[in-house]
Amino acid sequence: MDKLSYLSNANSEYIDSLYQSYKEDPNSIDFGWQKFFEGFDFGRGSEAGVVSAETPDHFLKEIKVLNLINGYRQRGHLFTKTNPVRERRSYFPGKELSTFGLEDSDLNTVFNAGVEVGLGAATLREILALVEQTYCQSIGVEYKYVRNPEKLKWFEHRMESERNTPNFNIDTKKRILSKLNEAVVFENFLGTKFLGQKRFSLEGAEAVIPALDSVIHKGAELGIEEFVIGMAHRGRLNVLANIMQKTYKDIFSEFEGKGYDVNTPFGGDVKYHMGYSTDVKTDSGKNVHLSLCPNPSHLETVDSVVQGMVRSKIDFKYEGNHKRIAPILIHGDASLAGQGITYEVLQMAKLDGYRTGGSIHLVINNQVGFTTNYKDARSSTYCTDLAKVTLSPVFHVNGDDVEAIVYAINMAVEYRQKYHNDVFIDILCYRRYGHNEADEPKFTQPLLYKAIEKHANPREIYNQKLLDQGTVDANLAKEMEKDFRALLQEKLNQAKEENYSAVHQVFGGVWAGLKLAKEGSILKPVETKVSEKEMLELAKSISTLPSGKKFFKKIEKLFDERRKMADTKVFDWAMGELLAYATLLKEGFRVRISGQDVERGTFSHRHAVLTLEDSEEEYIPLAQLNSDIAKFEIYNSHLSEYGVLGFEYGYALANPMALTIWEAQFGDFVNGAQIVIDQFITSAETKWQRSNGLVMLLPHGFEGQGPEHSSARIERFMEACADDNIQVANCTTPANLFHILRRQLKRDFRKPLVVFTPKSLLRSPKCVSSLEEFTKGNFQEVIDDAFVKAADVKRVLFCSGKVYYDLLDKQQTDKRNDVAIVRLEQLYPLPLTQLEAIKSKYKNASELIWVQEEPENMGAWPYISRKFRKSAFDFDLISRKESSSTATGYAKQHAAQQLYIVSSAFENVAGSKSKK
């Protein structure tokens, strides 16, 4: 109001000075004055001159009208008619004329400000009608925070020229009614035929179905060939049936309980978690591929998986063109506002390693989360306020106005295709029943559900609208319902008559030639060795820096040392890892690595990306190999575990012929992504028959760095191991890491691989491998002791990971030939046959001891003790005592504990002369 008061005191001389400033630099003056002078020039034919002093009051009114227009554009969304079952909250100041310093007496006055909204000189009444219709009806738009003037102009022209009002032809209206009919009748049919069964119905939000149908057709017109959809369980069955074209018969068979085979090795999942893919043909004759990702009840977890899948397909299938594929994420209002994964995923939108060209976010805004009112579910005004993080526009739309929803989503996909940005469509609707159909919502929202009980469904509302317009025959909706219900009954009868219905995983497309692993397949030997010639050539190639570029001196020294390894034919951990990638690249396999600080490596060991000393130019040695056929890509991620791990899982899911790796900064931080591990990585094959070859590298090892930098929680992975679902390894040599990474792409199946990687060993002179280990060996699940004679051994120490080198140092220093050290490199699946052979070899040993750095209740021991219970392996244990925390934060205590473990491993050996 101060500004208006200030304007009221203006005079013609002041206005003239502003005009002169405008002529010199339009951006030097206030927005309202800019717009006024634009209209003033337009009205005067842009003639040069001085502003007349005759009508300063009218000039001020022009400014006020421009402020009104801008006010509607900026805050009109607060005053829309978008809530079908509740009164909207009041906001101050409102949109009354007085808010802008105008009066009713101004309504018939002609203002040049009309130019701003495409009317030319127009009365205030006409201008007000336009902005009221555009910004305050069934569609409210938040876009003014977008900082790109071109985008703002696009929105204003696109919306104001059509007044944000749909004007569909009769065929489009009939299609909308037909899809709405399918959505409504399908839910009603399920509710009556399968009374009491959970289905998490779409009732109250059925307009989502014609919206999705429209975005597919509109997207196809704009060049989109594929959509990947992620959503939670609410409305999923309806989407499967009426968008994905999963047959009604198959869905009914699942309701009848006929999708279960007692002989299947898979556990399956509830029907409203399942995924599906299909091809549809649009009205324009274009084929569009649709994929609906399976998703657990962790509502928004699938978001990152969808983004990863889309990026993978952009890279491999669509040659980097993100206009040919788009992600659609369907959110709930409570989960979008409340679950942190949505923020992690949204922050990826413009990052080089993760961008997908913009996502279409569709929000089913029930205004309640299970039993929680929206006012208790967020502090923000809207559930979509997260969109402002990436300056993504938001459409708020009345869920009862299906044409408005279709109109808005069509505009959204146009914007996405033009500007490659995320866009949100917030559908204000309701949930007709409780969280599930057996739940009673009146316990917690009695008034709301009294209103909902009396509220007509969207099909009835739209049909009445069409009847009032005289657009359709009075019997059309009834005939649609009758015919569709008859079809559903026919499919239900067929489902009841069938003995068995099941959908089996088919390995097609990029998965062609691969299959589900048979029991025991993971333990079968795989050829991963390469020739000596190739190894040495690649070692020299990736360690040779180009001339003419100035690198940091420490980098030059490091690469000199790496190049010398090719001469000595002994390689450290970093070279073993890099050579695994190099050999795969030469064989035509793409390699992608992502995670926090992966380009250099948390512990400064990898240096896969080099930054020149005197510029920001980057040089990537591995990217120079076979780049036309197989690309090497490595990206530092933002500080996210949950979102990025889900993304990489999705990336690997969409292309099994690439080596896809996620590395944690420290293995300890992986628990930030536990949901992805539990719900996707370890269980997806059992639940959904979806294989995946993702690799996780987790730095692990007790080195006195405290409870947050010691443990990747081996025990948590081990307790999730069953049915050969994943592979878990704790490698101790560069060569073994080399072989296990290559093994991922050398088999006819894919399994996730979890590798616990070293920290201090990265520079240990003992942690090296000879050239022969790369060129003549393969991956070793178990590595036996090469320093003792079996006949002399009285005690066998079994261990995994870094502790081996501590034990080795003690063994060699004390010359203990009576104690053998056996390394278990692959913790799961357990190589039992090899372990049994080791046990038989050391027939004079009376003691078998499992040694680990981790506390007794952590590490591999809980799994080892369970698997070998009541077996010939009567293991004893040497470890830290059980603890609620992974490690001590005191360096001296750590050293004492480590000394105890190592010393105990060699003390009191039964039948040995070396007892201590």
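1. A short note on the overall build of the protein chain
Alright, step 1. A tally of helices and strands in the protein chain yields 31 helices and 28 strands.
Alright, step 2. Its C-alpha atoms put the protein chain at 110 × 75 × 50 Å along the principal axes.
Alright, step 3. The buried share of the protein chain, reckoned over its 916 residues, is 59%.
Alright, step 4. A sequence separation of at least 24 residues applies to 80% of the contacts in the protein chain between residues at least 6 apart.
Alright, step 5. Only carbon and sulfur atoms are counted for the fraction: they give 49% of the accessible area of the protein chain, which is about 37,600 Å².

2. Description of the sheet that holds strand S26 (residues 826–828)
Alright, step 1. The strand order across the open sheet built from seven strands is S17-S14-S18-S19-S21-S20-S26, with neighbouring strands paired in mixed fashion. Every other strand in the sheet has two partners, leaving strand S17 (632–636) and S26 as the edge strands with one partner each. Sheet twist, expressed as the average angle between the axes of neighbouring strands with direction ignored, equals 20 degrees.

3. Quick notes on the packing of aromatic side chains
Alright, step 1. Counted by the stated rule, this structure contains 32 aromatic pairs.
Alright, step 2. Measuring from ring centre to ring centre gives 5.6 Å for Phe 571 and Phe 774, while their planes differ by 85 degrees; the resulting arrangement is edge-to-face. Note that Phe 571 is positioned in strand S13 (residues 570–571) and Phe 774 in helix H27 (residues 771–775), a separation of 203 residues in sequence. The pair formed by Phe 571 and Phe 774 is uniform in burial state, with each residue classed as buried.
Alright, step 3. Ring geometry for Phe 738 and Phe 774: centres 5.0 Å apart, planes at 85 degrees, overall edge-to-face. Of this pair, Phe 738 sits in helix H26 (residues 734–743) while Phe 774 is found in helix H27, placing the two residues 36 residues apart along the sequence.
Alright, step 4. A relative accessible area of 0% places Phe 738 in the buried class.
Alright, step 5. For Phe 774, a relative accessible area of 0% translates into the label buried.
Alright, step 6. Grouping aromatic residues by their ring pairs yields a cluster made of Tyr 135, Tyr 143, Trp 154, Phe 155, Phe 395, Tyr 415 and Tyr 419.
Alright, step 7. Just above the ring of Tyr 651 sits the side chain of Arg 592; from NZ or CZ to the centre is 4.5 Å.

4. Concerning unusual backbone geometry
Alright, step 1. Geometrically, the link from Phe 92 to Pro 93 is a cis peptide bond, its omega value of -5 degrees lying close to zero.
Alright, step 2. By the secondary structure assignment, Pro 93 is in the loop between helix H4 (56–75) and strand S1 (110–111).
Alright, step 3. That bond from Tyr 828 to Pro 829 is cis: its omega, -10 degrees, falls within 30 degrees of zero.
Alright, step 4. Looking at the element boundaries, Pro 829 is found in the loop between S26 and helix H29 (832–841).
Alright, step 5. Backbone geometry at Gln 689 places phi at a positive 55 degrees, although glycine is not the residue there.
Alright, step 6. By the secondary structure assignment, Gln 689 is in the loop between helix H24 (684–688) and strand S19 (695–699).
Alright, step 7. On the basis of relative accessible area, Gln 689 is assigned to the buried category, the value being 13%.
Alright, step 8. Phi is positive for Arg 713, close to 60 degrees, though the residue is something other than glycine.

5. Quick word on the confidence of the model for the protein chain
Alright, step 1. Averaged over every residue, the pLDDT of the protein chain is 92; the share at 70 or more is 93%.
Alright, step 2. Below a pLDDT of 50 lies the segment residues 1–11, which in the model reaches 16 contacts outside its immediate sequence neighbourhood of four places, other chains included.
Alright, step 3. A low-confidence stretch, residues 46–54 stays under pLDDT 50, and its non-local contacts, those more than four residues away or across chains, total 15 contacts.

6. Structural notes on the pattern of salt bridges
Alright, step 1. As enumerated under the stated definition, the model contains 52 salt bridges in all.
Alright, step 2. The residue Arg 73 makes a salt bridge to Glu 156 at a minimum N-O spacing of 3.6 Å. Note that Arg 73 is positioned in helix H4 and Glu 156 in helix H6 (residues 149–162), a separation of 83 residues in sequence.
Alright, step 3. A residue is classified by how much of its surface remains accessible, and Glu 156, at 6% relative accessible area, is buried.

7. Notes on helix H15 (residues 402–419)
Three- or four-residue spacings in an α-helix give side chains the same orientation, since the helix completes a turn every 3.6 residues.
Alright, step 1. In this model H15 runs 26 Å from its N-terminal to its C-terminal C-alpha over 18 residues, within 8% of the 26 Å that 1.5 Å per residue would give.
Alright, step 2. Of all 18 residues in H15, 17 are buried; the element is thus mostly enclosed.
Alright, step 3. Positive backbone phi, at 55 degrees, marks His 420, one or two positions downstream of H15.

8. Digging into the packing of helix H19 (residues 532–542) against helix H21 (residues 573–586)
Alright, step 1. Close contact between H19 and H21 brings their axes to 10 Å; oriented N to C, the two are set at 110 degrees. As judged from the angle between their axes, H19 and H21 are roughly perpendicular. Contacts from Glu 534, Met 535, Leu 538, Ala 539 and Ile 542 in H19 reach Met 575, Leu 578, Leu 579, Ala 582, Thr 583 and Lys 586 in H21.

Conventions used here
- Residues numbered from 1 in each chain as written.
- Predicted model: local features only at pLDDT ≥ 70, side-chain atom pairs only at ≥ 80, totals over all residues.
- Heavy atoms only, no water.
- Helix = DSSP H or I, 4+ residues; strand = E, 2+ residues; numbered from the N terminus.
- Buried < 20%, exposed > 50% of the residue type's maximum accessible area, 1.4 Å probe, protein only.
- Contact = heavy atoms within 4.5 Å.
- Areas by Shrake-Rupley, 256 points an atom, 1.4 Å probe, with all protein chains shown as cover.
- Pairing = 2+ DSSP bridges.
- Axes fitted to C-alpha atoms, helices over the stretch in contact; angles between N-to-C directions.
- Phe/Tyr/Trp six-rings, centres within 6.5 Å; stacked < 30°, edge-to-face > 60°.
- Lys NZ or Arg CZ within 6 Å of the ring centre and 35° of its normal.
- pLDDT = per-residue confidence, 0-100.
- Salt bridge = Lys/Arg side-chain N within 4 Å of Asp/Glu carboxyl O.
- Expected span 1.5 Å × (residues − 1).
- Parallel < 35°, antiparallel > 145°, perpendicular 65-115°, else oblique.

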